[in-house]
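Spelled out from the first residue to the last, the chains are:
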Amino acid sequence: MEAQDYTLFESYLSGDLSKEEQIAFKARLDTDHAFKEAFTIYKEFSSNLEHSIGNEEKNADFKANLEAISAKYFNKETTTGNIESKKTFSLYKYAIAASVALIMGFFVYNQFSGGASYSDFNTHQTVDFSVRGSEGNVGLLIKTTKAFNNKEYEKARTYLEELLQDDPDNVEYNFYYAITNIELDNFAKAETTLEIISQGSSAYINRAKWYLALSKLKQDKNEACIAILKTIPADADDYSQALTLLKKIE
Amino acid sequence: MSEKKIHEDQKYVDGLVANNSFIIQAIYDTFVPKVINYIKQNSGDADQAQDIVQDTIITIYNQGSQKQLQLTCPFDAYFFLLCKRKWLNYLKKNNKKEVTINEEVLSKDDDAQELSFETSLFEDKQVLFNQMFQKLGAACKDLLKATFKTKSMEEVAKSLDISYAYARKKKSLCIGQLTKLVQESPSFNQLNY
């Protein structure tokens, strides 16, 4: 390749070519094998440099964190061997079995007791904000996750407000912010958010309806609750719960 | 490739890229025991397993960070194949005795085979790229370091006291030189370009 070819690669990658030039460039990639090969290496090398030089600190942080977790893991592995992990595993099994029994008992009890209250239904799914948020403030995402899952809703509210400041349209943050507000009895705020989500096009539409119903339930507005429950379609995640609740309060 | 559905286990790749400690810990707890067993059964020990696992995770992190990794298979199969291949290469390189491959743990998942192969190729390329970068002259090295560190060509030009146009041209020539070095290297033919 000649010097001008490399300059052309750079212009293409930084988006500095006109539409016509881009078309010509792509056409050449399709027909000129040597040109394509050189361009592929050029592009991959640029990406390598961008990562190894541009993310130098981030990469060092990652390696340090990985080494710490690895050291801890292998230390345990060599000192206690496999027996320990089997033990914890069976403990887990008992714990899970116990909780299943507890939950079943709980539902059976509720089935016959008639009436319903918010606290029968507010077992929120555990979340992990940090899994999906590959960018942004991971520390804050982890704090938010912990606070929410530990039912520390005052804290969760503060963190979520912080997250929403940077990313006001994030449906996931808004959704959990609404749940947090129901927990804290800020119903008007919660319901405004949930109504917007339930009319949107995200994956949270039906869950927003379910929580809207729960918000009404918590305020003993049973008629409003019933009306909303009836809008939840059969393929919604919360459908069976919605049905159970409906039977109780209708 | 791009038409295939991304597997839900992509969360492990994304979690690594985000340096998410929960995810890293989960990878160790869930997927690493199988690798340790395999290496121990094939003339290795726990220390060697630790290194193999760590190197493999760093490679996945690097590839994920460069947005070149979309998981279309379970992480389990993919990760195991990568570790296994790395271990077999290590044994080969060090003239260790022939291994007894435990067929039971071999994956039959085509996507995992293909994807883990791509990742191994990616790793080979990264190793070669880093070697070639070291061969570059000081002027090119400095310019590229400045370019990728500050990310604004205007600032780079200013700091090196050269014009914007010249800085950009120089950058493309330096990466061009690296491209040539890669093409001329003895291992180039194994890189599937």
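A quick note: this is a predicted structure, and the numbers were derived from the prediction, not measured.

1. Re the overall build of chain B
Working step 1: Of the regular secondary structure elements, chain B holds eight helices and zero strands.
Working step 2: Along chain B, helices (α) and strands (β) appear in the sequence α-α-α-α-α-α-α-α when read from the amino end.
Working step 3: Residue burial in chain B is summarised as follows: out of 193 residues, 38% are buried.
Working step 4: Considering only residue pairs separated by 6 or more positions, chain B has 75% of its internal contacts joining residues 24 or more positions apart.

2. Observations concerning the overall build of chain A
Working step 1: Scanning chain A from N- to C-terminus turns up 12 helices and zero strands.
Working step 2: Going from N to C terminus, chain A has its helices and strands arranged as α-α-α-α-α-α-α-α-α-α-α-α.
Working step 3: Counting the 250 residues in chain A, one finds 26% classified as buried.
Working step 4: Here the analysis covers contacts within chain A between residues at least 6 apart in sequence; of these, 41% occur between residues at least 24 apart.

3. A look at the interface of chain B and chain A
It is common to give the size of an interface as the accessible area that goes away when the parts come together.
Working step 1: Counting residues at the interface gives 45 residues for chain B and 38 residues for chain A.
Working step 2: At the level of secondary structure, the elements contributing two or more residues to the side of chain B that touches chain A comprise helix H1 (10-17), helix H2 (21-41), helix H3 (46-65), helix H5 (110-135), helix H6 (138-150) and helix H8 (164-184) of chain B.
Working step 3: Among the elements that take part in the side of chain B that touches chain A, H8 of chain B stands out by supplying 11 residues, more than any other.
Working step 4: Class assignment for the residues of the side of chain B that touches chain A results in 21 nonpolar, 15 polar and nine charged.

4. Concerning the packing of H3 of chain B against H5 of chain B
All names here are of chain B.
Working step 1: As a packed pair, H3 and H5 sit with axes 10 Å apart at the nearest point and diverge in direction by 85°. With respect to each other, H3 and H5 are oriented roughly perpendicular. From H3, Thr59, Ile60, Asn62 and Gln63 reach across to H5, where they touch Thr119, Phe122, Glu123 and Gln126.
Working step 2: Partitioned by chemical class, the residues of the contact of H3 with H5 number two nonpolar, five polar and one charged.

5. Comments concerning the nonpolar core
Soluble globular proteins tend to pack their nonpolar side chains together in the buried interior.
Working step 1: Residues Leu16, Ile27, Val32, Val35, Tyr78 and Cys83 of chain B are the most contacted members of the largest nonpolar core, which totals 39 residues.
Working step 2: The set of elements that each furnish at least two residues to this core consists of helix H4 (56-113) of chain A together with H1, H2, H3, helix H4 (75-93) and H5 of chain B.
Working step 3: Ranked by the residues each element gives to this core, the list is headed by H2 of chain B, at 10 residues.
Working step 4: Residues in contact with Cys83 of chain B, not counting those within four places in the same chain, are Val35, Ile52, Val53 and Thr56 of chain B.
Working step 5: In terms of nonpolar packing, the next biggest core, distinct from the first, is built from 30 residues, Ala156, Tyr176, Ala190 and Cys225 of chain A among them.

6. Some remarks on H1 of chain B
Working step 1: The element H1 of chain B is extensively covered by neighbouring structure, given that six of its eight residues are classed as buried.
Working step 2: Of the residues one or two after H1 of chain B, Asn19 of chain B is the one with positive phi, at around 55°.

7. Examining unusual backbone geometry
With glycine set apart, most residues show a phi of negative sign, and most peptide bonds adopt trans.
Working step 1: For Asp185 of chain A, which is not glycine, the phi dihedral falls at a positive 65°.
Working step 2: Mapped onto the elements, Asp185 of chain A comes out in the loop between helix H8 (171-183) and helix H9 (187-198).
Working step 3: Positive phi values are uncommon outside glycine, yet Asn192 of chain B reaches one of about 60°.
Working step 4: Mapping Asn192 of chain B onto the fold places it in the segment after H8.
Working step 5: Asn192 of chain B gets classed as exposed once you count the C-beta atoms within 10 Å, which come to 10.

8. Quick word on the confidence of the model for chain A
Working step 1: Looking at chain A, pLDDT values average 84 and 82% of them are 70 or higher.
Working step 2: Ignoring residues within four places in sequence, the model shows residues 81-87 of chain A, a span with pLDDT below 50, making zero contacts including any to other chains.

9. Side note on the environment of Ser120 of chain B
Residues and elements named next belong to chain B.
Working step 1: Within the secondary structure layout, Ser120 lies in helix H5.
Working step 2: In sequence terms Ser120 and Leu81 are 39 residues apart; their C-alpha atoms lie 9.9 Å from each other.
Working step 3: In this structure, Ser120 is in contact with Leu82 and Arg85, ignoring residues within four places of it in sequence.

10. Re the environment of Tyr12 of chain B
Residues and elements named next belong to chain B.
Working step 1: With respect to the secondary-structure elements, Tyr12 resides in helix H1.
Working step 2: Accessibility expressed as a C-beta count within 10 Å gives 27 for Tyr12, which makes it buried.
Working step 3: For Tyr12, the contacting residues outside a window of four places in its chain are Ile23, Ile27 and Phe75.

11. Notes on the packing of H8 of chain A against H9 of chain A
Residue and element names in this part refer to chain A.
Working step 1: At a closest axis distance of 8 Å, the pairing of H8 and H9 adopts a crossing angle of 150°. Taken as a pair, H8 and H9 cross one another with a handedness that is left-handed. Here H8 contributes Val171, Asn174, Phe175, Tyr177, Ala178, Asn181 and Ile182 to the contact with H9, which in turn contributes Phe187, Lys189, Ala190, Thr193, Leu194 and Ile197.
Working step 2: Of the residues assigned to the contact of H8 with H9, the class counts are nine nonpolar, three polar and one charged.

12. A closer look at the confidence of the model for chain B
All names here are of chain B.
Working step 1: Summarising the model, chain B shows a mean pLDDT of 88, and 91% of its residues fall at 70 or more.
Working step 2: Model confidence for chain B, summarised as mean pLDDT per element, is weakest for helix H7 (residues 153-160) at 84 and strongest for H3 at 96.
Working step 3: Among the scores for the predicted complex, ipTM is 0.90 and pTM is 0.60.

The rules behind the values
Residues numbered from 1 in each chain as written. Chains lettered and ligands numbered in written order. Predicted model: local features only at pLDDT ≥ 70, side-chain atom pairs only at ≥ 80, totals over all residues. Helix = DSSP H or I, 4+ residues; strand = E, 2+ residues; numbered from the N terminus. Buried ≥ 20, exposed ≤ 12 C-beta atoms within 10 Å, placed from the backbone. Contact = placed C-beta atoms within 7 Å. Nonpolar A, V, L, I, M, F, W, Y, C, P; charged D, E, K, R; others polar. Axes fitted to C-alpha atoms, helices over the stretch in contact; angles between N-to-C directions. Parallel < 35°, antiparallel > 145°, perpendicular 65-115°, else oblique. Core = buried A, V, L, I, M, F, W, Y, C linked by C-beta atoms within 7 Å. pLDDT = per-residue confidence, 0-100. Left-handed = near helix turned anticlockwise from the far one by under 90°.

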